[in-house]
Amino acid sequence: MNPSPDLDVTALTRYYDHHRQDPALDNISVTVAGGTTLAVLGPSGCGKSTLLRLLAGIEAPDEGRITLGDRDLSRTGWALDPDRRDVNMVFQSYALWPHLRVRDIIAYGLRHGRHRTSAAARDSRVEELVALLHLEGLEDRRPAELSGGQQQRVAIARALATRPSLLLFDEPLSNLDVQLRTLMRAELAHLLAGLDTTAVYVTHDVHEALALADQLLVLHSGRVVQHGAPAEVFAAPVSPWVAEMAGFSSSLAPTDVQPMSGGHARAIVASGALVGPHRMAEPGTADLVLVHPDAVRVHEDHLPLDGRLPALVSACVFEGRGYRILAEIPGAGMLTVLNRTPVSPGRKIGLEIASDGVLIFTSAA
Ligand SMILES: Nc1ncnc2c1ncn2[C@@H]1O[C@H](COP(=O)(O)OP(=O)(O)OP(=O)(O)O)[C@@H](O)[C@H]1O
């Protein structure tokens, strides 16, 4: 069997309506090693679907190049026909033919076009995929007779049937309810890890990206904000958006930020000060201190000290394993902290914040 080819995306740019000032994708370069999964994460409008359309060959790039192994898939102004790319896609909407039975949907690509095979080879491939995707007993049903999760499994089986060189996933789990989504996420991660197929998985769900990805590519406004192994990206987020995804869920407004040596800064927040890694945010944005709830400890005294902020408890909610406390830092914002014991609303407390749970963003010049 051929080893899975690497996917190379080089300086890919796409403008819509000749909006050259504001491209939907702006000079994106990334290599996905054969057999690995790249998750593309980003907020709505960041260019995720545009990247998928370019990889699928539905659109041609305005600049740049896509290669799969030694084959050119797209170049400036040109895209190899989607049917000739050896690239299959799994859609958010499943996109199953309503009148066909499961076995015929899975076999579709093996009945038509370049991947047409003998009936015996087709039946054996369908049987293999039915077992792999746990669809036993459902082979003769039509899509309307399946649950959402089963429909999505059929869509994945159909995409795998022709053994594509590249698999694309367009938010495939977002139409499922939370419980099923969690289950399918784990199943899909297991499946992809065992497949040795190169895959690009677009999502705005950080848990999916973490479960499935060998690499994360974070996009914002068509540009790459951060790229690396999931653990690397989460350990050192470079933008407020990535930091919030990584769990830095509280945001405070500092009155002053002083850069320190070693890439750190000291931020004055209300009557206290916090120290943490210093990052540049986009020009024109307000200075921001982001705090991870795991790094915060509650103290009964509320004297302002370095790394400790006086706060006023505004709410305390029982969450099974502990209490989520919402504390107001006067003039700076609200901070969330998880505590083992309850603290009454209206009480003054001191919050000790470890510097590894702090990120300080100031606007780039
Ligand atoms: N056919 C089109 N014509 C003009 N502009 C488009 C077209 N498709 C996308 N855009 C613009 O390109 C940018 C990127 O869109 P894209 O659909 O790739 O984002 P996305 O990250 O997939 O968003 P979502 O998560 O909401 O699907 C957006 O500003 C969007 O408005």
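For the structure itself, look to the data block above.
Residues numbered from 1 in each chain as written. Predicted model: local features only at pLDDT ≥ 70, side-chain atom pairs only at ≥ 80, totals over all residues. Heavy atoms only, no water.

**Description of helix α3 (residues 119–132)**
Across its 14 residues, α3 extends 20 Å between first and last C-alpha, which sits within 8% of the 20 Å expected from 1.5 Å per residue. Listed in full, the buried residues belonging to α3 are Arg122, Arg125, Val126, Leu129 and Val130. On an axial view of α3, the arc spanned by its buried residues comes to 135°, and they lie on one face. Structural note: α3 exposes Ala120 and Glu127 on the side pointing more than 90 degrees away from its buried face. Residues of α3 that are buried in the fold lie against α2 (102–111) and α4 (148–161). Positioned one or two residues after α3, His134 has a phi angle of 55°, which is positive. (Helix = DSSP H or I, 4+ residues; strand = E, 2+ residues; numbered from the N terminus. Expected span 1.5 Å × (residues − 1). Buried < 20%, exposed > 50% of the residue type's maximum accessible area, 1.4 Å probe, protein only. Arc of directions from axis to C-beta. Contact = heavy atoms within 4.5 Å.)

**Section: the sheet that holds strand β7 (residues 87–90)**
Taken in spatial order, the 6 strands make up an open sheet running β7-β8-β9-β3-β10-β11, and their pairing is mixed. Across the chains shown, the open sheet's two edge strands, defined by having one partner strand only, are β7 and β11 (223–228). With direction set aside, neighbouring strand axes in the sheet form an average angle of 20°. Contacts from α4 reach β7 and β8 (166–170), with the element oriented near 180° to β7. Along the sheet face, helix α5 (residues 178–195) touches β3 (37–41), β8 and β9 (198–203) and points at about 165° away from the line of β8. (Pairing = 2+ DSSP bridges. Axes fitted to C-alpha atoms, helices over the stretch in contact; angles between N-to-C directions.)

**With respect to the sheet that holds strand β21 (residues 348–353)**
Taking strand neighbours across the sheet as the criterion, the 5 strands line up as β17-β21-β18-β19-β20 in an open arrangement whose pairing is antiparallel. Strand pairing shows two members of the sheet lacking a second neighbour, β17 (296–299) and β20 (333–339), which therefore form its edges. The mean angle between the axes of side-by-side strands here comes to 45°, regardless of whether they run parallel or antiparallel. Alignment of strand β18 (residues 308–318) against β21, held across 5 bridges, turns out to be antiparallel. Residue pairing across strands places Leu309 opposite Leu351, the latter belonging to β21.

**Considering the site of the ligand**
Around the ligand, the surrounding shell consists of Tyr16, Asp17, Ala24, Pro43, Ser44, Gly45, Cys46, Gly47, Lys48, Ser49, Thr50 and Arg53. Here Cys46 contributes a backbone N or O atom positioned 3.0 Å from an oxygen atom of the ligand. Between the ligand and the protein, one listed contact pairs an oxygen atom with a side-chain N or O atom of Lys48 at 2.9 Å. Summarising the interface, the protein chains cover 58% of the accessible area of the ligand, which totals 630 Å² for the free molecule. Of the residues that constitute the shell around the ligand, the class distribution is 4 nonpolar, 5 polar and 3 charged. (Near = heavy atom within 4 Å. Polar contact = N/O pair within 3.5 Å; in protein donor to acceptor, adjacent residues only side chain to side chain. Areas by Shrake-Rupley, 256 points an atom, 1.4 Å probe, with all protein chains shown as cover. Nonpolar A, V, L, I, M, F, W, Y, C, P; charged D, E, K, R; others polar.)

**Points about the packing of aromatic side chains**
As enumerated under the stated definition, the model contains 3 aromatic pairs in all. Ring geometry for Phe318 against Tyr323: centres 5.1 Å apart, planes inclined by 45°, an arrangement best described as tilted. Taking the relative accessible area as the measure of exposure, Phe318 reaches 54% and is therefore exposed. Lying across the ring of Trp78, Arg75 places its NZ or CZ 4.5 Å from the centre. (Phe/Tyr/Trp six-rings, centres within 6.5 Å; stacked < 30°, edge-to-face > 60°. Lys NZ or Arg CZ within 6 Å of the ring centre and 35° of its normal.)

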